[in-house]
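Results of the structural survey
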Amino acid sequence: MIQFSSDHWTGMTDSISSHQKGFSRGFNAYFMLDKPFKSSPKFSIGFGLGVSTSNIFFKRENIDLKTASTLLPFTAVDSTNHFKKYKLATTFIEIPLELRFTSKPLEPNKSFKFALGAKVGAVVNTHTKGKVLQDKNNSTIVSYIQKENSNRLINGTRFTGTARVGYGIISLFGNYQLNNILKDGAGPAMHLYQIGLTLSGL
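Note that the coordinates shown come from a computational prediction; the quantities given were computed from them, not determined experimentally. (Residues numbered from 1 in each chain as written. Predicted model: local features only at pLDDT ≥ 70, side-chain atom pairs only at ≥ 80, totals over all residues. Heavy atoms only, no water.)

Counting residues in hydrophobic clusters, the biggest one holds 20 residues, and the most contacted among them are Trp9, Phe58, Ile63, Leu72, Phe74, Leu182 and Met190. Of all the secondary structure elements, the ones that give two or more residues to this core are β3 (43–58) and β6 (82–102). Residue contributions to this core peak at three residues, all from β6. With residues near it in sequence (within four places) discarded, Phe58 still touches Trp9, Ile16, His19, Gln20, Lys21, Ile63, Phe74, Tyr86 and Leu88. (Core = buried A, V, L, I, M, F, W, Y, C linked by side-chain atoms within 4.5 Å. Buried < 20%, exposed > 50% of the residue type's maximum accessible area, 1.4 Å probe, protein only. Helix = DSSP H or I, 4+ residues; strand = E, 2+ residues; numbered from the N terminus. Contact = heavy atoms within 4.5 Å.)

Here it is, written out as structure tokens:
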């Protein structure tokens with residue numbers, strides 16, 4: 001199962017949301033097994049293992065993942081040097097579980113499909129990435145890439161509710177993170193949600 005998504009955070013403060021710019025996006029990929037119910041083969045349970053990535057883009061903002069503080073700083077850099085492109089990226093290993101309905105179990109590529117489920121994940125990597133350092137007037141100072149890695153203030157476990165609906169191998173999906181993105185006390189109570197397309201024969 002392969003998913004391409006538009007990514008968003010709920011619960012952002014005004015100071016963060018005003019600098020969240022650009023097309024934030026994600027990519028998820030899972031290897032899954034499908035176990036139909038013997039008594040009703042239109043219904044099945046799907047489970048497996050995979051990876052989920054999310055990239056949230058910002059403009060004129062700095063996120064100090066390596067801070068020594070217990071609070072993750074989101075710092076506006078409107079009137080000073082900043083990166084032309086800047087994002088915070090996360091990668092999680094996840095175990096998905098779905099309750100599925102298929103209208104034609106013998107013809108999955110010609111079938112209406114619906115699924116509700118949940119995922120539990122463990123963080124693998126969190127990093128910020130900035131490209132092309134500019135001054136306050138957007139003039140290039142130097143073209144380079146800066147990447148900083150740290151999972152310290154990111155919630156190490158993620159619980160997500162999921163839903164899919166579609167026909168054949170294509171479906172629309174929505175994911176909503178049930179717990180906070182950041183650890184308790186590290187910042188506002190923000191949650192990731194993803195909306196996008198799924199490619200899957202299941």
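A contiguous patch of positive charge on the surface is contributed by Arg25, Lys84, Lys85 and Lys131. When you line up the elements, Lys84 lands in strand β6. Relative accessible area serves as the criterion here: at 51%, Lys84 is assigned to the exposed category. (Patch = residues over 30% accessible without salt bridge, like charges linked within 9 Å, V, L, I, M, F, W, Y side chains within 5 Å. Areas by Shrake-Rupley, 256 points an atom, 1.4 Å probe, with all protein chains shown as cover. Salt bridge = Lys/Arg side-chain N within 4 Å of Asp/Glu carboxyl O. Lys, Arg positive; Asp, Glu negative; His and termini not counted. Charge placed at Lys NZ, Arg CZ, Asp CG, Glu CD.)

Along the chain, Leu88 turns up in strand β6. Accessibility expressed as a relative area gives 3% for Leu88, which makes it buried. Considered as a pair, Leu88 and Thr126 are 38 residues apart in the sequence and their alpha carbons are 7.3 Å apart. Not counting residues up to four positions away in its chain, the partners in contact with Leu88 are Trp9, Ser54, Asn55, Ile56, Phe58, Ile63, Leu65, Thr126, His127 and Thr128.

Moving on: the layout of surface pockets. The computed volume of the largest pocket comes to approximately 240 Å³. Lining the largest pocket are 13 residues, with Arg25, Phe57, Lys85, Tyr86 and Lys87 positioned closest to its centre. Counting residues per element, the ones that place at least two in the lining of the largest pocket are β3, β6 and β7 (112–134). Tallying contributions element by element places β6 first for the lining of the largest pocket, with four residues. Across the lining of the largest pocket, the residue classes tally to three nonpolar, two polar and eight charged. In this structure, the second largest pocket spans a volume of roughly 160 Å³. Taken together, 14 residues form the lining of the second largest pocket, with Asp34, Ser44, Thr102, Pro105 and Pro108 sitting closest to its centre. When contributions to the lining of the second largest pocket are tallied by element, the ones reaching two or more residues are β2 (25–36), β3 and β6. (1 Å grid on protein atoms, 1.4 Å probe; cavity = no way out; pocket = protein on both sides within 12 Å on 5 of 7 lines; lining within 4 Å. Points joined across faces, edges and corners; volume = space filled by probe spheres on them. Nonpolar A, V, L, I, M, F, W, Y, C, P; charged D, E, K, R; others polar.)

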